[in-house]
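Fold and geometry: a report
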Amino acid sequence: MRNRIIRLFTVLVAGMALAAGSCASDPEPGSGNGGPTSPPQPGGTFTIALPSYPQRGLNPHYGAAFDASQVLRNSYDSLIAEDRNERFHPWLATEWTVSPDGTVYEFTLREDVTFHNGEKFDAHAVKANIDLLRNPDSPSWTVLGLLQYSSVSSVDVLDPYKVRITLSTPRADFLSTLAGLSGAIAAPSTLTADKQTLTSGTGLVGTGPFILDKAVQGQELEFRKNPDYRWGPATARHQGAAYVDKVVVKYIPEASTRAGLLRSGEVDAIGTVKATDIPLFDGIDGFQYEQIGSAAAPTVIMLNLTNGPTTDVRVRRAIAKGVDIAAVVDSLTKGSQRRAWSLISPDSAYYDPKYENKGTADIAAARTLLDEAGWTGRDADGYRTDSAGRRLTIRLLATVPTYPEDDFLEAWQAELRQNLGIQVELQFVENAQVYDLLARNQYEAFPRQVGGLDLSLQFNRAYGSTSPDLKYGQIDGITIGSIVAGSKLADPEVDRWLVESTKATDRDQRKQLFDKITGYLLDKAVAIPLYTDRNSVAASSAIHHVTSLFDPPRNSVNAWAYDIAVR
């Protein structure tokens, strides 16, 4: 028997949590016209156009790190929900406790939940899901289990509706893991399929407010309402079944085409609105436009410390100083995105504003740094060269970018040529290819927004020790490094800070550690912050609660349509 139990939440505070969740999710003031003021009515179809289909398929565990996969939230619930202030609320679990040493979690579960196939949700279902994620033979092991469940030592069923999860070491990010799509619960009978079926996710079944009816690879997903749904998260705006009968998600890569579909009435809403399209909807009769910040990691350019000119800190610092990033972001996005000054989102509880305006452009200083690094010559095309006549070339490797990254990288390329005489070669490939090319180590720059609901997961994946061939490891059961660690930093001191921040349950202590890491990485120009993660949506003025598309359980445009109404 433990001496002391920390009781986090109970069903008695669910009503309070509901109110807090709605307030926490409000968009930025004045960002749109708003929707109908009449009470929402059930029925109808909600159709939304988004830029990218879930690249890793329809298994919520396998694609949990990708924003495109968040649409699967319509079909899958988690034990708990996390709000924008990084607080946790009941969902499939009504209450939970954490031991004083932060290693033992006990969850009391709802007793009225069923999966879409009629199976009963209970403690055995929770155990089956987490045990699969811990299994190295699971397709989700390398993309999720190894990163987020590596510290789980056992999952025990205490009674049909009570489960205990024991960790080998305390983890401040564990509740975020359970609250995310990474903690989605699927019906146990569907988890026994072969590896190929599990990878595709086509046979998995959840408990969510919608049932996936149709999937056309790369083009469309269709969901129908789960009429029996009565267990929405405490962060939701209503309880009971969803309002709409059907949700259709169309995938349209071109922003202008999405805008055209909304203007013609072929869809009800669009996500990721391009800056040039905002005036078509913001303040325009018949439409509403909303945007909101996110605690997700900013988009950065990681500079490779193990290959080419960027092994020299002077070259990295010159690149960081050589472009007026704020001006480029503002010009391209018209204020819909904001310049990131830190490696931490300004919407995160761990953000420190002291870094603001400290990374401003200094072209003269950047040129001096390149001179000191030996890049003093010029070739016939005006590019810098070293004493051997080799051109200063930065090879940028990236997954085929979408807006606004595509526009930004082209502008960044032009600015470095004009300001510093650096040649930037842009190599864009499909996401499936990018990891092989990273392992070959034939690049100097890698733009990325590293996923993870908790800051520890973002930092551990991006800046933990990673070898040139993408090998990484664990410290005290905590995975450090990943296949998206484009800088390939291998610094024991940074690793120590990362592990300490992952274990620390005191928020002030974590903030101090995150500040150490951020200051060190920015000083060494390991990564260059570009812009913060800001989400946008435009919709018909007839749509109720359009800002709920930003709401927890994931703060992005995820087409989680539980609170959406079209009548």
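Scoring rules and cut-offs
- Residues numbered from 1 in each chain as written.
- Predicted model: local features only at pLDDT ≥ 70, side-chain atom pairs only at ≥ 80, totals over all residues.
- Heavy atoms only, no water.
- Helix = DSSP H or I, 4+ residues; strand = E, 2+ residues; numbered from the N terminus.
- Rg over C-alpha atoms; globule rule 2.2 N^0.38 Å.
- Buried < 20%, exposed > 50% of the residue type's maximum accessible area, 1.4 Å probe, protein only.
- Domains from an automatic or database assignment.
- Contact = heavy atoms within 4.5 Å.
- Buried area = accessible area lost by both parts, 1.4 Å probe.
- Polar contact = N/O pair within 3.5 Å; in protein donor to acceptor, adjacent residues only side chain to side chain.
- Pairing = 2+ DSSP bridges.
- Axes fitted to C-alpha atoms, helices over the stretch in contact; angles between N-to-C directions.

1. Focus on the overall build of the protein
Helix and strand counts for the protein come out as 14 helices and 23 strands. Rg of the C-alpha trace for the protein: 24 Å, near the compact-globule value of 24 Å for 567 residues, within the 12% margin. Overall, the protein is about 75 × 60 × 45 Å in size when its C-alpha atoms are taken along their principal axes. Within the span of the protein, comprising 567 residues, buried residues form 58% of the whole.

2. Regarding the domain arrangement of the protein
Splitting the protein by domain gives domain 1 (45-293 + 535-566) and domain 2 (299-532). The centre of domain 1, based on its C-alpha atoms, is set 30 Å off from the matching centre of domain 2. Domain 1 puts 31 residues into the contact, and the matching count from domain 2 is 36 residues. Taken over both partners, the interface formed by domain 1 and domain 2 buries close to 2600 Å², and the fraction arising from carbon and sulfur atoms is 54%. On the domain 1 side of the interface with domain 2, the three residues burying the most area are E86, L147 and A172, jointly 21% of the side's total.

3. Concerning helix 2 (residues 123-133)
Each α-helix turn comprises 3.6 residues. Residues three or four places apart therefore point the same way. Buried residues of helix 2: A123, A125, V126, N129, I130, L132 and L133, and no others. Where helix 2 is buried, its residues meet strand 6 (104-109), helix 3 (141-148), strand 7 (152-159), strand 8 (162-167) and helix 4 (174-179). Where helix 2 starts, the residue carrying a side-chain oxygen 3.1 Å from the main-chain nitrogen of H124 turns out to be D122.

4. Considering helix 12 (residues 455-463)
Within helix 12, 9 of the 9 residues are buried, which leaves the element mostly enclosed by the surrounding structure. Buried-residue contacts for helix 12 involve helix 3, strand 14 (299-303), strand 21 (478-480), helix 13 (492-503), helix 14 (507-523) and strand 22 (527-531).

5. Some details on the pairing of strand 9 (residues 210-216)
Direction of pairing for strand 9 relative to strand 10 (residues 220-225): antiparallel, over a ladder of 6 bridges. Bridge assignment links K214 to a residue of strand 10, and that residue is E222.

6. Comments concerning the sheet that holds strand 2 (residues 45-50)
What the 7 strands build is an open sheet, ordered 9-10-11-2-12-23-13; its pairing is mixed. Looking at the sheet topology across the chains shown, the edges are occupied by strand 9 and strand 13 (287-293). Strand-to-strand twist of the sheet, defined as the mean angle between neighbouring strand axes without regard to direction, takes the value 20°. Looking at chain direction, strand 10 and strand 11 (residues 246-251) are connected through 5 bridges and run antiparallel. Within strand 11, the position partnered with E222 by the bridge is V248. Against the sheet, helix 6 (residues 255-264) engages strand 2, strand 12 (269-271), strand 13 and strand 23 (534-540), with an angle of about 165° to strand 12.

7. A few points about the side chain of D268
Structurally, D268 can be placed in the loop between helix 6 and strand 12. The contact partners of D268, leaving out residues within four places of it in the chain, are T45, F46, T47, L262, A538, A539, S540 and I543.

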